[in-house]
Amino acid sequence: MTTLTYRDKIAVLDLGDTENRFSPEVLNAIDEHLDTVLIDGADALITTASGKFYSNGLDLDWLSAHGERAEWYVAQVQTLLARLLTFPVPTAAALPGHAFGAGAMLALAHDYRVMRADRGYFCFPEADIRIPFSRGMAALIQAKLTPRSAMASMTTGRRFGGPDALAYDLVDATADLDTLTDTAAALLAPIGAKDQATLGAIKATMFADAVSALHNA
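Report on the accompanying structure. (Residues numbered from 1 in each chain as written. Predicted model: local features only at pLDDT ≥ 70, side-chain atom pairs only at ≥ 80, totals over all residues. Heavy atoms only, no water.)

In space, the six strands of this open sheet follow the order β1-β2-β3-β5-β7-β10, with mixed pairing throughout. The open sheet has two edge strands, β1 (3-7) and β10 (173-175), and neither has a second partner. On average, adjacent strands in this sheet sit at an angle of 25° to one another, irrespective of strand direction. The pairing of strand β2 (residues 10-14) with strand β3 (residues 44-48) spans five bridges and is classified as parallel. (Pairing = 2+ DSSP bridges. Helix = DSSP H or I, 4+ residues; strand = E, 2+ residues; numbered from the N terminus. Axes fitted to C-alpha atoms, helices over the stretch in contact; angles between N-to-C directions.)

Rendered as C-alpha cells:
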C-alpha cells in the first residue's frame, strides 16, 4: 500500500512493503500522490519502500491475465516514468532493497538515487528474461547513464549491489538502511524550493527525446 508523509517540506512516498509491482491500481495511487505533492507545494520528493524491495517493476501476473491490454498497460507505466523524469520538484529515490526492471527505471527517472550499501540489487534483467526494452524505456536509461554504464546494465542482466551500482553511476550514494532516507534528504535539502513551472520546463527540455519516446513507443 502506497503512503505519503512529509519531512518538513520534503514529501516521502512509500511504495509499500511487498514486491511493489506496478499494477494498474498502484500506478493510479502513485499518480494521485504525485498530484498531492504538487498541490501541497512540497520542496522536494523522495520515493522509497518499507520492505526488501523498492520495486520489482511490471506486474507480470496482471499482464498474463490481461494480455489483450498489454499495450495500454505499458503505456501507463511509461507515462509514469515520463512524469517522474520531468517532475517539477527535485526528486530522489531511496532504495532499501531490490530495484528490478521497470522498478529500476522508476529509480533512474528521479534526479538522484541512494541505495542501501549492504543488501539489494539494481538490475535490468531484460536480456535474461527475453523481454527487449521498449524504445521509450531504452531512451530513459540512456538519457540518464553513460554509454559504459548503459552497456554494462542493459545488455548483461547483471545484478549490481550498492558499491557496484555507485561505481557505475547507477546511483549517487549508498547508505545504511537506517540512514537511507536521511541521505536522500541531505541530497535534496541544499537545492531548496524551486518554481515548479520553471523546473518542469528545464527537465522537459533536458529529457525531451526520452519523454517523446516514452509517450510514443
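Moving on: the layout of surface pockets. Unoccupied space between atoms shows up once a probe the size of one water molecule is rolled over them. For the largest pocket, the calculated volume is near 430 Å³. Along the walls of the largest pocket sit 22 residues, with Gly-101, Pro-125, Glu-126, Ile-129 and Ile-131 positioned nearest its centre. Elements that contribute at least two residues to the lining of the largest pocket include exactly α4 (102-109) and α5 (126-129). (1 Å grid on protein atoms, 1.4 Å probe; cavity = no way out; pocket = protein on both sides within 12 Å on 5 of 7 lines; lining within 4 Å. Points joined across faces, edges and corners; volume = space filled by probe spheres on them.)

In this section: the sheet that holds strand β4 (residues 53-55). Pairing is mixed in the open sheet, where four strands are placed in the order β4-β6-β8-β9. For this open sheet the edge positions go to β4 and β9 (159-160), each flanked by a neighbour on one side alone. Pairing of strand β6 (residues 98-100) with strand β8 (residues 122-123), which is carried by two bridges, proceeds in the parallel orientation. Following the sheet pairing, Phe-100 is matched in β8 by Cys-123.

Counting across every chain of the model gives eight salt bridges. The partner of Arg-158 in a salt bridge is Asp-164, with the nearest N and O atoms 3.4 Å apart. Overlapping salt bridges bring together Asp-31, Asp-35 and Arg-83 as one network. (Salt bridge = Lys/Arg side-chain N within 4 Å of Asp/Glu carboxyl O.)

The element strand β7 (residues 112-116) is largely enclosed, with a buried count of four among its five residues. Pairing of strand β5 (residues 91-95) with β7, which is carried by four bridges, proceeds in the parallel orientation. Note that in β7 the partner of Leu-95 across the bridge is Met-115. As paired strands, β7 and β10 are joined by three bridges and run parallel to one another. Within β10, the residue paired with Arg-116 across the bridge is Ala-175. (Buried < 20%, exposed > 50% of the residue type's maximum accessible area, 1.4 Å probe, protein only.)

This part covers the environment of Leu-180. With respect to the helices and strands, Leu-180 occurs in helix α9 (residues 180-188). The exposure class assigned to Leu-180 is buried, which follows from its relative accessible area of 2%. For Leu-180 and Ala-93, which are 87 residues apart along the polypeptide, the C-alpha to C-alpha distance reads 9.7 Å. Ignoring any residue separated from it by four or fewer positions in sequence, one finds Leu-180 in contact with Ala-94, Leu-95, Pro-96, Val-114, Met-115, Arg-116 and Ala-175. (Contact = heavy atoms within 4.5 Å.)

Further remarks concern the pairing of β5. Burial analysis of β5 places five of its five residues in the buried class, the great majority of the element. Across the two faces of β5 the burial is the same, with Thr-91, Ala-93 and Leu-95 and Ala-92 and Ala-94 all buried. Sheet topology note: the β3/β5 ladder contains three bridges and is parallel. From the neighbouring strand, Ile-46 faces β5, where its bridge partner is Ala-92.

The geometry of an aromatic ring pair is captured by the separation of the ring centres together with the interplanar angle, meaning the angle of the planes. Following the criterion strictly, the structure yields five aromatic pairs and no others. Seen from their ring centres, Trp-62 and Trp-72 are 6.1 Å apart, and the 45° between their planes marks the pair as tilted. Here Trp-62 is found in helix α2 (residues 60-65), whereas its partner Trp-72 is found in helix α3 (residues 70-85), with 10 residues between them in sequence. Here Trp-62 falls in the buried class, since its relative accessible area comes to 12%. (Phe/Tyr/Trp six-rings, centres within 6.5 Å; stacked < 30°, edge-to-face > 60°.)

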